[in-house]
Structure formats: C-alpha cells, structure tokens
Amino acid sequence: MTKTFFLALAILSSLNASGQNILKQVQHYLDSAAQRKVDPSYIEVPTKPWRIILRSKINQVDVDYMNSFKNEAENLAWNWELCFSPPLAASVGFWAGYRGTGVSYSQSLLKNAGRYFSFSTTGARYGFNFRLRRFSTSETTFHSTFSENGKVIDEQEVSGDTDAKIWIRSVYINGYYVFNGRRYSQAAAYNQSVIQRRSAGSLLVGATWYQSSLDLSEPKNAPFVILSKDIGRIKLHQANIGIGYGYNLVPFRGLVINAMAMPTLSVYNRVKVYKYDYNYTMLEDEKQTRTDDYGKWNSQTHTWANGETHKPMDDHGEWMKDIEGWQKEEDTDYGSMHFNVDLRAGIAYNWDNYFVGLQSQFNRFTYKKDNAKVNLFDWYARLSVGIRL
C-alpha cells in the first residue's frame, strides 16, 4: 500500500512538472510571436502578458432571398424578395488569455436570439478568427413587382410573420497576413494585445471560409417553397481570397483608430439545394375545382384517396392542419466567382494597465442558383474594457 501511494505521488509530480513545462513552452512561443520583428518605436509589446476583458456585443445576420418568374411569350415577369429580420444577438461576457490567444464566454441577453460562438488569436503578422451563429426567425418582409415589356405595372410590400420558423446558420473562418508587421498591428485596435505608438498602415492578404444554410422547408412554409420552384433548403460553401489595406491612426499617445477594407473573390463556390414536395399546392389545375372529394391523405403513397398528390390550398388556412412535406431531390452546383467584401473599424485607448475599445466588422456574401439569389450580411459591434496582469 505504501509503495502504491509513493508511486502515485511520483506519477502526479511528473505530470505536474510536464504540464508546467508545456505551459512555459506555449508562453515562450506566444511571447516570441508577439515580439518577433516588431519595431518598438511603432508597436509596443506590453510587459504584462495576461489580459482579462469584459465585453458587450451585438451581432446580426440579415438575409435577402430573391426569386423570379418569366413568361417569355407574353413578356411578363414577376420578381419577389423575402427579407428576414432576425433578432439581434446581444450578449455580455469576458475574455481571458495570454498575449493574443485566449478563451471567451458570453451570456445572451435576449430570448430566441439563437446561439453564437467565437474564437480568435493574433500575432505580429497574422490573425485568425472563427464565428458561428445559428438562429430561427419568422419576421419577414415580402416585396414583389410585376412587369410587362420591362415596365413595372404593379408593386407590393407586406411585412409580417411566417407560419413556421425559418432556420439560418452561418460559419465564418478568417485568417490574414500583415506585410508591414514591423510597424502596423491589426490587433492593436481589436484585442489590445499590443499598443500602436505611431501611425502606420499595411497591405494585408486574407482568406475566408464561409458556409451557411437557409432552411424554410417546414410544411407551413409551403407557399414560399412552391414560389421558389420547390427549393426548401439551400447550403453554401464558399472560399474567398483577397487583398486589402489597413491603417492605424494614432492622434496622440494611447489612442488608435483603425480602418480596414478587403475586397475578396470567391475561388470556390458550392451551392447545394434541396427540393421538396407537399400534399397541397397553390397552382390549381383547371380540373381541380373541388376540394371536398379528395378523401384522406396516405403518407406512405403520397396520394389522397382519389389518387391525386396535390390538393389546392383553400383561402381560410384549413390546409395547414394536415399539410405534409417530403424531400424529393437535391442538386449541387459549383457556381461562378463572386465579389464579396470584408470591412472592419476599431478604436482603442490605453492608459497604465487598462484599456477600452470599440470594434465592428461587416461581411457580405452572395450566391445564386438558377433564378434564386441570396444575399447575406453578417456584422457585429463590440465594446470592450480590460486590464493587463
């Protein structure tokens, strides 16, 4: 028993020493990454490497979904746009870390704002960040225009709630490299891991992986799916590369104002659509004038008792009581290149071992499949107050 105790004690002591050694190696690497090839007259690396930051953040993903129908024979066109108004993801939390790397935790202040997660790390010449957002919304604005011979003859706009929730998910992964890392720091205005002492700018090259999904396939949303030529779900995988420019203005000691713009080009653009069918339809056939002789619906054969698959929707919403939907096919398309944009702005003030900052970022992504087009606008604004230890 005594031998076992001393053996366990020796193992724990060895693991503790090994863990401390690994921690020292990580700290040494992060110190080197922060100080490597930095001009101290432009960039100051604080002697106190640990930071604790309190953050308040709002984030939103706006989605515009467009589709169109054309009758070439009669020169008629119908274009419609569905704009989603998802709730703001407002949260408060903290960030704790060493140099430019750390972990964060935040608590949402609003109900039904979905889930949001982010991670970031920076060095003298590089930066990396990851964002994940998943939410549902039913608040929409529907805008449509009817045209004849290229001229608009009718235009309507209606705001309200969809009968079922629409789910949206976005994943954003971005990395950048700073060419003038000796004198310019993107991190100085965004996570305050270093302090910009004099004004400087730099070219940046960046790469972004963006994937998102739009799901409106719930049966009660059948009218929108039918109008979208049966498209109920859309998934996008997009890789972007770009070259931009960032500039840090230092009007006086301790204050830095940053602006960065990077146009990007999607070099990989994969769009996958899932098409759905329902036991009700908005497009009535001339033969389908009665709706009381269809009988019961058979989910196994996807037919009503009279042998029909689609029953015309009534005007009173009774169809929502027994509507069913199912996926009938999927299609993958590797689309053409698209231009997107990455815009960032930040301001920070440092005094003693304390700092405060305000940061914002805006991203626009677009993709198209047949006549369907989606624009996504992903942005956030963040207020930070921290201390160095």
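Everything numeric in this text was worked out from a predicted model, so none of it was measured.

Caption draft 1: The side chain of Thr162, seen in detail. Here Thr162 is to be found in strand E8 (residues 151-178). Using a relative accessible area of 9% as the deciding quantity, one classes Thr162 as buried. In this structure the side chain of Thr162 is engaged in a polar contact, spanning 2.6 Å, whose partner is the backbone oxygen of Ala164. Excluding its chain neighbours within four sequence positions, the residues that come into contact with Thr162 are Thr137, Ser138, Thr140, Asn221 and Phe224.

Caption draft 2: View of the nonpolar core. Tyr65, Phe84, Leu214, Ile234, Tyr367 and Val374 are the most contacted members of the largest nonpolar core, which has 41 residues in total. Apart from residues no more than four positions distant in its own chain, Leu214 is found in contact with Tyr65, Phe84, Ile166, Trp167, Ile168, Gly232, Arg233, Ile234, Tyr367 and Val374. If you look at the next biggest cluster of nonpolar residues, it comprises 14 residues, including Ile43, Ala124, Ala200 and Met260.

Caption draft 3: Seen up close, the side chain of Ser266. Tracing the chain through its elements places Ser266 in strand E12 (residues 255-278). Classification of Ser266 by relative accessible area gives buried; the value is 1%. Sequence-distant contacts of Ser266, defined by excluding residues within four places in its chain, comprise Gln238, Ala239, Asn240, Ser336, Met337, His338 and Asn340.

Caption draft 4: Main features of the pattern of salt bridges. Counting across every chain of the model gives 8 salt bridges. Among the salt bridges present, the one from Arg253 reaches Glu44, with a minimum N-O distance of 3.9 Å. Of this pair, Arg253 sits in the loop between strand E11 (231-249) and E12 while Glu44 sits in strand E1 (residues 43-44); the two residues are 209 residues apart in sequence, bridging distant segments of the chain. The class for Arg253 is exposed, based on a relative accessible area of 60%. Across the pair Lys272 and Glu330 runs a salt bridge, and its minimum N-O distance is 3.2 Å. Of this pair, Lys272 sits in strand E12 while Glu330 sits in strand E17 (residues 325-334), placing them 58 residues apart in sequence. Classification of Glu330 as partly exposed rests on a relative accessible area of 43%. Each of Asp39, Arg182 and Arg183 takes part in salt bridges that share partners, so that together they form one network.

Cut-off values and rules
Residues numbered from 1 in each chain as written. Predicted model: local features only at pLDDT ≥ 70, side-chain atom pairs only at ≥ 80, totals over all residues. Heavy atoms only, no water. Helix = DSSP H or I, 4+ residues; strand = E, 2+ residues; numbered from the N terminus. Buried < 20%, exposed > 50% of the residue type's maximum accessible area, 1.4 Å probe, protein only. Polar contact = N/O pair within 3.5 Å; in protein donor to acceptor, adjacent residues only side chain to side chain. Contact = heavy atoms within 4.5 Å. Core = buried A, V, L, I, M, F, W, Y, C linked by side-chain atoms within 4.5 Å. Salt bridge = Lys/Arg side-chain N within 4 Å of Asp/Glu carboxyl O.

These results come straight from atomic positions and should not be treated as a statement about function.
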